[in-house]
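# Remarks on the overall topology
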Amino acid sequence: MCQQTRITTVIPYYHRWLRRFPSWSALARAPQAAVLRHWEGLGYYRRARFLHALAKAVQRLPQRQLPSDPQKLRFLPGIGHYTAGAISSIAFAIPSPAFDGNVARVLGRLLAHHRRSPNLKKLQEFASTIVPKRNPGIHNQALMELGALVCLPKNPLCSHCPLRSVCPSRNKLPRPTTSRPKPTTLQENLLIVQHGKSVWLTRQHPANRWRSLSLLPTLSAKPKKALPIGKILYAYTRYHISADVFLSPYPPKDIIGRWFNPSALRQATLPSPHRRALSLLPQNRNL
Ligand code: SF4
């Protein structure tokens, strides 16, 4: 849950998730719609689908538990190098590195020479040589937290850093090697199709976003004979999207979908930008 999402945002979702899915088997048995419903609001639904697939894969293992070996963990759905290292060191005390962007930044600054950081491969190799046999999970978490809270990307708090006496980058950061790509701005049109209190939703999206979720129709051109009712702004991966929202009683001809009555609409799993678009309808302020 914490990949791409701040911990303070995650905490209520995490508790709700554990109440609904207290074990791997409970998660594996749950229908995908319930899993996605409990993820609603966190975004990046791919993580929920991976977690669901992981629970099913765990049920097929002989012990029905996660393996502790990072090499075996990496064969499971949704677990990459970083997650395997984090699980095996934090949950099983296996000395394996958990190398994420925060750790790469801290080590890159610690090992900088003439204001140049080593490349990622070298940093990753170095990370695996410094994991202690005792308390490897605490070591990994300390490095991650140092990167997240002290060795910040733009203005590191060097005067509070426990590594300041040995760090060559203290108050003198390495030169950036790459610049982040600028987000791309997109414009789209969202159509709310309403008849009485029912709303028409689809699973189709022109860019294949939000697979398995129920969606408002997304149109490339402004719909004819539809009433403009507002605009929403949202971010999706590297896109900044401005969506004009329209209201119409007629479903688009070339999109497959179905009607949802108010109760089904409350139960449906919609991405949060589409929920926000629906809240532009005065009678749906509480959706
Ligand atoms: S001294 Fe500054 S640059 Fe070096 S690791 Fe600490 S916070 Fe980062």
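Residues numbered from 1 in each chain as written. Predicted model: local features only at pLDDT ≥ 70, side-chain atom pairs only at ≥ 80, totals over all residues. Heavy atoms only, no water.

### Focus: the site of the ligand
For clarity, the threshold we go by: One heavy atom within 4 Å of a molecule or strand makes the whole residue count as near it. Definitions used throughout: a 1 Å grid over protein atoms alone; a cavity as a set of points that fits a 1.4 Å probe which cannot get out; a pocket as an open set with protein on both sides within 12 Å along at least five of seven lines; a lining residue as one with an atom within 4 Å of a point. Those molecules having more than half of their atoms within 2 Å of a cavity or pocket grid point set are described as sitting in that cavity or pocket. In the scheme used here, Gly and all other residues not listed as nonpolar or charged are polar, with Ala, Val, Leu, Ile, Met, Phe, Trp, Tyr, Cys and Pro taken as nonpolar and Asp, Glu, Lys and Arg as charged.
Every residue lining the ligand is accounted for by Arg109, Cys151, Pro156, Cys158, Cys161, Arg164, Cys167 and Ser169. More than half of the atoms of the ligand fall within 2 Å of the grid points belonging to the largest cavity. Residues that form the shell around the ligand fall into these classes: five nonpolar, one polar and two charged.

### Let's talk about the domain arrangement of the protein
Here is the rule: As used throughout, domain bounds are those supplied by an automatic or database domain assignment. What makes two residues a contact is simply this: any of their non-hydrogen atoms within 4.5 Å. The term buried area refers to how much accessible surface (probe radius 1.4 Å) is lost by two components on association, counted for both of them together. Whenever a carboxyl oxygen of Asp or Glu lies within 4 Å of a side-chain nitrogen of Lys or Arg, that contact is scored as a salt bridge. Think of a polar contact as two N or O atoms within 3.5 Å of one another; within protein, one of them needs to be a possible hydrogen donor and the other a possible acceptor, and neighboring residues in sequence only count if both atoms come from side chains.
Looking at the protein, the domain boundaries give domain 1 (7-160) and domain 2 (184-284). Taking the mean C-alpha position of each, domain 1 and domain 2 sit 34 Å from one another. Tallying the contact residues gives nine residues for domain 1 and 13 residues for domain 2. Taken together, both faces of the contact between domain 1 and domain 2 bury some 800 Å²; the carbon and sulfur share is 45%. The three residues of domain 1 that bury the most area against domain 2 are Arg37, Tyr45 and Arg49, which together make up 51% of that side's buried surface. At the boundary of domain 1 with domain 2, the tally comes to one salt bridge. In this structure, the salt-bridge partner of Arg275 is Glu40, at a minimum N-O distance of 2.9 Å. Connecting domain 1 to domain 2 are seven residue pairs in polar contact (both at pLDDT 80 or more).

### Considerations on the pattern of salt bridges
Here is the rule we go by: Exposed residues in this analysis have more than 50% of their type's maximum accessible area, buried residues have under 20%, and partly exposed residues fall in between, with area computed by a 1.4 Å probe over protein chains only.
A complete count under the given rule lists six salt bridges for this structure. A salt bridge links Arg37 to Glu40, with the nearest nitrogen and oxygen atoms 3.0 Å apart. Look at Glu40 and you get buried, because its relative accessible area is 14%. Salt bridges sharing common partners tie together Arg37, Glu40 and Arg275.

### Details of the layout of surface pockets
Note the following rule: Grid points are joined across faces, edges and corners, and a volume is the space filled by probe spheres set on the points.
A volume near 390 Å³ is recorded for the second largest pocket. Lining the second largest pocket are 17 residues, with Leu191, Pro223, Lys224, Pro252 and Lys253 positioned closest to its centre.

### Digging into the pairing of strand 5 (residues 239-248)
Our working rule: What counts as a helix is a DSSP run of H or I of at least four residues, what counts as a strand is a run of E of at least two, and both are numbered from the N terminus. Two strands qualify as a pair provided that DSSP identifies no fewer than 2 bridges between them.
Counting buried positions along strand 5 yields seven of 10 residues, so the element is predominantly enclosed. For strand 1 (residues 184-195) and strand 5, the ladder comprises 10 bridges, and the chain directions are parallel. Among the inter-strand pairings, Glu188 is bridged to a residue of strand 5, identified as Ala243. As paired elements, strand 4 (residues 227-236) and strand 5 share nine bridges and run antiparallel to each other. Bridge assignment links Pro228 to a residue of strand 5, and that residue is Phe246. Hairpin connection of strand 4 to strand 5: two residues between the antiparallel strands, including Thr237 at a positive phi of 45 degrees.

### What to know about empty space enclosed by the protein
For the coordinates displayed, the defined rule picks out two cavities of 30 Å³ or more. The computed volume of the largest cavity comes to approximately 130 Å³. Looking at the largest cavity, it is lined by 16 residues, and the ones nearest its centre are Arg109, Cys151, Cys158, Cys161 and Cys167. The element that contributes the greatest number of residues to the lining of the largest cavity is helix 7 (residues 101-110), accounting for three residues.

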